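# Examining the three-dimensional arrangement
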Amino acid sequence: MPTESSANQKKMDQSAPRTAEQLASLLARWADGPGSLHHRLTESLTELIAAGVLRPGELLPPERRMASALAVARGTVVRSYTSLSERGLVDRIQGSGTRVVGTTETVGSIDVTRSDGLYARHGAAIDLRMAMPSMLATTTAAVARVQFDAIDVATLADTEPAGLFMLRERIAHHLTRQGLSTTPWQIMVTSGAQQAIVLAVSGLVQPGDAVLVEAVTWPGLTDAIAQRGGRAHGVELDREGVRPDALEDAIQRLRPAAIGLNPHHQNPTGSRMSAQRRREIAELAAAYRVPIIEDRALAHLAFDGQVATPLADHAPQHLVVDSINKVAWPGLRIGWLRADADVIERLRPVRAMIDLYSPTHSQLAAIEVLRDWEDIVDERVDGLRRAADLAVDTIGEVLPTWRFARPRGGLVLWAELPGGDAAAFCDHAARHGVLIAPGKQFGVDAPYDDDHVRIPFTVPQPALLEGIERLGAAWRSFERSNAPYPAAAVI
Ligand SMILES: Cc1ncc(COP(=O)(O)O)c(C=O)c1O
């Protein structure tokens, strides 16, 4: 009969080893401070071992992968692992890797979500993986006006899982002005569009259900579907978003419980639905009685100022997910879900279970942001348009063989490589001190033909220019290392 400790041991053996990216994330700002890089790395790893974060018996990632994740030379990691071994903190055994000394029987499994890879921290590289817009002067001015006496802050009597009523009113007004008549009872304030996605998925999807999404999409959506036990299926898309014929075919074959779309400046492809395509998709899904979760987090970032009305304008059963984070500032973490009032009522306890309610200060700030919405959008779009132009021109010069469409809005550029595997290139680029996400990070169905990379243009200008220069150097050496052998060398 297995003892409890042997069962625990089995659990530990079954748990996936920590990946290099996960360890890099734990190391956070390891490269800051005095001393050589290998010394800094040794000190930071020593701290993690002493704190019990790296557990006895745990296998450290292979040196090459660790070097790639940290964007340093492999020699830096080799020297650091050797120093840890000299300190008696790890065992280095030829052929079986580097393990923290000792054993433990209480290690659970580490679940990894796909979007996590976009947030892992690295010390010494230019990070072009996250699409995080910066603070704005207009947002700062709006947030500075926050009135704490607008509500009863002493007792928080106005607090409620669906959000402060005055914010729900303001959001309803905001949507009504965009062409979708909305009441405050149809709104749940959330901590960002991501939480609204999670709530919408939990309201519509049961374990085993199929959910249709764009063939490459925001991994926060597919993570939410997987976490609910659903199965995401990719639908082919073109420059105007999902193709109606492909969507209809998938609905008939898979009988999905829901469709999750990001139709505006789609992350990562940048595609944007025309008015005609929007109507076609909204009516098609409604005809089959399949609700669409429309993610509008990037809808307002239109370089030509054209912000489409929500799909629910054509068919009221569709849901809307949106936030102020990409326009005003990601640190505010305020978004919303718009659905039928009874759906919102059903989701109230689910939301309360996750985090009770959104931070009151951020909700008050969101009211001010929505008051100044047009000015804030203008400032954001102006900055992003200029950054996108700079990225387009610089990539065109430095990487003339890469193919991409000029972004019409949003935060990222989606570039097709002329050859080679994008994930392998991104590993290679990390060794040249620049981090970008390969297409497969966003691909839904396996196998995914990984020939694209996503380049956000949200970092400050000097980092953007330097990052693209480094991508150029990385690409030239990647091409050389992947070049077929010259005929004379083939025997
Ligand atoms: C398409 C898309 N939807 C939702 C989100 C999450 O937005 P929020 O920061 O409002 O949670 C993101 C974040 O980048 C995104 O790209």
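Structural data are supplied above this passage.
This is a predicted model, so every value here is computed, not measured. (Residues numbered from 1 in each chain as written. Predicted model: local features only at pLDDT ≥ 70, side-chain atom pairs only at ≥ 80, totals over all residues. Heavy atoms only, no water.)

## Comments concerning the overall build of the protein
Looking only at helices and strands, the protein has 16 helices and 16 strands in total. What you see for the protein is a C-alpha radius of gyration of 24 Å, in line with the 23 Å of a compact globule of 491 residues. Taken along its principal axes, the extent of the C-alpha atoms in the protein is 65 × 60 × 50 Å. Taken across its 491 residues, the protein has 51% of its residues classed as buried. Excluding contacts between residues fewer than 6 apart, the proportion of contacts in the protein whose partners are at least 24 apart in sequence is 73%. (Helix = DSSP H or I, 4+ residues; strand = E, 2+ residues; numbered from the N terminus. Rg over C-alpha atoms; globule rule 2.2 N^0.38 Å. Buried < 20%, exposed > 50% of the residue type's maximum accessible area, 1.4 Å probe, protein only. Contact = heavy atoms within 4.5 Å.)

## Some points on the packing of helix α6 (residues 137–144) against helix α14 (residues 373–398)
At a minimum axis separation of 8 Å, α6 and α14 run at an interaxial angle of 150°. Between α6 and α14, the angle falls in the class roughly antiparallel. Residues A137, T138, T139 and A142 of α6 pack against D375, I376 and E379 of α14. Among the residues making up the contact of α6 with α14, the classes are represented as 3 nonpolar, 2 polar and 2 charged. (Axes fitted to C-alpha atoms, helices over the stretch in contact; angles between N-to-C directions. Parallel < 35°, antiparallel > 145°, perpendicular 65-115°, else oblique. Nonpolar A, V, L, I, M, F, W, Y, C, P; charged D, E, K, R; others polar.)

## Here's the deal with the site of the ligand
Neighbouring the ligand are 13 residues, the closest being A193, N267, D295, S323 and R333. Within the backbone of Q194, one N or O atom sits 2.9 Å away from an oxygen atom of the ligand. A distance of 2.5 Å separates a nitrogen atom of the ligand from a polar atom in the side chain of D295. Starting from 390 Å² of accessible surface for the ligand in isolation, the protein chains cover 95%. Among the elements that take part in the shell around the ligand, helix α8 (residues 192–204) stands out by supplying 3 residues, more than any other. Class assignment for the residues of the shell around the ligand results in 4 nonpolar, 6 polar and 3 charged. (Near = heavy atom within 4 Å. Polar contact = N/O pair within 3.5 Å; in protein donor to acceptor, adjacent residues only side chain to side chain. Areas by Shrake-Rupley, 256 points an atom, 1.4 Å probe, with all protein chains shown as cover.)

## Details of the packing of α8 against helix α9 (residues 219–227)
Between α8 and α9, the least distance of the axes is 9 Å, while the angle of their chain directions is 35°. Seen from above, α8 lies across α9 with right-handed handedness. Where α8 approaches α9, its residues Q194, I197, V198 and V201 are matched on the opposing element by G220, L221, A224 and I225. Classifying every residue of the contact of α8 with α9 by side-chain character gives 6 nonpolar, 2 polar and no charged. (Left-handed = near helix turned anticlockwise from the far one by under 90°.)

## Description of the side chain of R277
Inspection of the secondary structure puts R277 in helix α11 (residues 275–287). A polar contact is formed between the side chain of R277 and the backbone oxygen of E240, at a distance of 3.3 Å. Excluding its chain neighbours within four sequence positions, the residues that come into contact with R277 are D238, E240, G241, V242, R243 and P244.

## Comments concerning the packing of aromatic side chains
To describe a pair of aromatic rings, one takes the distance between the centres and the angle between the planes. In the structure shown here, the tally under the stated rule is 8 aromatic pairs. For the ring pair F425 and W475, a centre distance of 5.2 Å and an interplane angle of 80° mean the geometry is edge-to-face. On the criterion of sequence distance, the pair formed by F425 in helix α15 (residues 422–431) and W475 in helix α16 (residues 461–482) is long-range, its members being 50 residues apart. Neither F425 nor W475 differs from the other in exposure class; each is buried. Relative to F478, the ring of F425 has its centre 5.3 Å away and its plane inclined at 65°; by these criteria the two rings are edge-to-face. Here F425, found in helix α15, pairs with F478, found in helix α16; they are 53 residues apart in sequence, far enough to count as distant. Assigned by exposure class, F425 and F478 land together as buried. (Phe/Tyr/Trp six-rings, centres within 6.5 Å; stacked < 30°, edge-to-face > 60°.)

## Quick word on the pattern of salt bridges
Following the criterion strictly, the structure yields 25 salt bridges and no others. Between D304 and R272 there is a salt bridge, and its shortest N-O distance comes to 2.7 Å. Of this pair, D304 sits in the loop between β10 (292–295) and β11 (319–323) while R272 is found in the loop between β9 (258–261) and α11, placing the two residues 32 residues apart along the sequence. Judged by relative accessible area, R272 falls into the buried class, the value being 12%. (Salt bridge = Lys/Arg side-chain N within 4 Å of Asp/Glu carboxyl O.)

## Quick look at helix α7 (residues 165–177)
In this model, α7 (13 residues) spans 18 Å end to end at C-alpha, consistent with the 18 Å of a helix rising 1.5 Å per residue. Regarding α7, the residues found buried are L167, R168, I171, A172, H174 and L175. Buried residues along α7 cover an arc of 160° about the axis, so they all sit on one side. Those residues of α7 that are buried lie in contact with β4 (187–190), β11, β12 (335–338), α12 (341–355), α13 (360–371) and α14. G179 sits one or two positions beyond α7 and adopts a positive phi of about 110°. (Expected span 1.5 Å × (residues − 1). Arc of directions from axis to C-beta.)

## Let's talk about unusual backbone geometry
The omega torsion of the bond from N267 to P268 falls at 20°, within 30 degrees of zero and hence cis. Cis peptide bonds are those with omega within 30 degrees of zero, and the linkage from A446 to P447 qualifies with -10°. One can find P447 in the loop between β15 (437–438) and β16 (452–456). You will see that A71, though not glycine, has its phi angle at about 60°, which is positive. Assignment of secondary structure puts A71 in the loop between α4 (63–70) and α5 (74–86). The phi torsion at H265 lies on the positive side, around 50°, for a residue other than glycine.

## Things to note about the environment of N482
Tracing the backbone shows N482 in helix α16. A C-alpha to C-alpha distance of 9.5 Å links N482 and G419, two positions 63 residues apart in sequence.

## A look at the nonpolar core
Core analysis: the largest hydrophobic core is formed by 67 residues, its most contacted members being L167, I324, W402, F425, V453, F457 and L471. Looking at this core, the element that brings in the most residues is α14, giving 11 residues. Counting the residues that make up this core, at least three belong to each of domain 2 (137–373) and domain 3 (375–482). If we ignore the near neighbours within four places in the chain, the residues touching F457 are F303, L384, A387, A388, A391, P407, G410, L411, V412, L413 and L464. Counting 25 residues, the second-largest nonpolar core is a separate cluster that includes W218, A297, I344 and V444. (Core = buried A, V, L, I, M, F, W, Y, C linked by side-chain atoms within 4.5 Å. Domains from an automatic or database assignment.)

Everything listed is a geometric property; what it means functionally is a separate question.
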